[in-house]
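Analysis of the macromolecular model
Below are the chains, spelled out letter by letter.
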Amino acid sequence: QVQLVESGGGLVQPGGSLRLSCAASGRIFRLNAMDWYRQAPGKQRELVADITYEGSTNYADSVKGRFTISRDNAKNTVYLQMNNLKPEDTAVYYCHAEVRSGSLRPWRDYWGQGTQVTVSS
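Okay, so let's go over this structure. (Residues numbered from 1 in each chain as written. Predicted model: local features only at pLDDT ≥ 70, side-chain atom pairs only at ≥ 80, totals over all residues. Heavy atoms only, no water.)

Here we take up the pairing of strand 5 (residues 46-51). With 5 bridges connecting them, strand 4 (residues 30-39) and strand 5 associate as antiparallel partners. For Met34, the partnering residue across the bridge sits in strand 5 and is Ile51. Where strand 5 hands over to strand 6 (residues 57-59), the hairpin turn is made up of 5 residues, of which Gly55 adopts a positive phi near 105°. (Pairing = 2+ DSSP bridges. Helix = DSSP H or I, 4+ residues; strand = E, 2+ residues; numbered from the N terminus.)

One open sheet holds the 4 strands; their spatial order is 1-3-8-7, and the pairing between them is antiparallel. Of all the strands in the sheet, the pair left with one neighbour each is strand 1 (2-7) and strand 7 (67-72). Across the sheet, the mean angle from the axis of one strand to that of its neighbour is 15°, orientation sign disregarded. Of the strand pairs in this sheet, strand 1 and strand 3 (residues 18-26) are connected by 6 bridges, and their pairing is antiparallel. Bridged to Val5 within strand 3 is Ala23. (Axes fitted to C-alpha atoms, helices over the stretch in contact; angles between N-to-C directions.)

On to the nonpolar core. In summary, soluble globular proteins display a tendency toward joint burial of nonpolar side chains. By size, the foremost hydrophobic cluster in this structure holds 31 residues, and its most contacted members are Trp36, Leu80, Met82 and Tyr93. Of all the secondary-structure elements, those providing two or more residues to this core are strand 1, strand 3, strand 4, strand 5, strand 7, strand 8 (77-82), strand 9 (91-100) and strand 11 (115-119). Here the element with the most residues in this core is strand 9; it accounts for 5 residues. (Core = buried A, V, L, I, M, F, W, Y, C linked by side-chain atoms within 4.5 Å. Buried < 20%, exposed > 50% of the residue type's maximum accessible area, 1.4 Å probe, protein only.)

The full count for this structure, using the stated rule, is 5 salt bridges. A salt bridge links Glu46 to Arg38; the nearest nitrogen and oxygen atoms lie 2.7 Å apart. The exposure class of Arg38 is buried, given its relative accessible area of 5%. For the salt bridge of Arg66 with Asp89, the shortest nitrogen-to-oxygen distance reads 2.7 Å. Of this pair, Arg66 sits in the loop between strand 6 and strand 7 while Asp89 is found in the loop between strand 8 and strand 9, placing the two residues 23 residues apart along the sequence. Taken individually, Arg66 and Asp89 each receive the classification buried, so the pair is uniform in this respect. Through salt bridges with shared partners, a single ionic network connects Arg38, Glu46, Arg66 and Asp89. (Salt bridge = Lys/Arg side-chain N within 4 Å of Asp/Glu carboxyl O.)

Structure follows, in structure tokens:
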């Protein structure tokens, strides 16, 4: 089994910054893409940013220039640096990863439990 544990959420004023972390543990042979999603109350879950194993990144238009996704493959960890936060960034942020537990095992999707980010004055 594989677990994804997020940390770093909290309450921040508009214009502030937060850094989210997501550490994967358990039976991990290989991690593929790792992503951050978010879900605001009454809205669908949306992709915020993703990063391939090799480090190629992709961002939602709403966060380009403000958020930076990165990863440390040695630590099986993905990060989301969030700068110039806006009230509309308020949401529960979820980590997602594609994982193989063995060389002959299929890729499987795993999700973290979510961490709340609230941007308010």
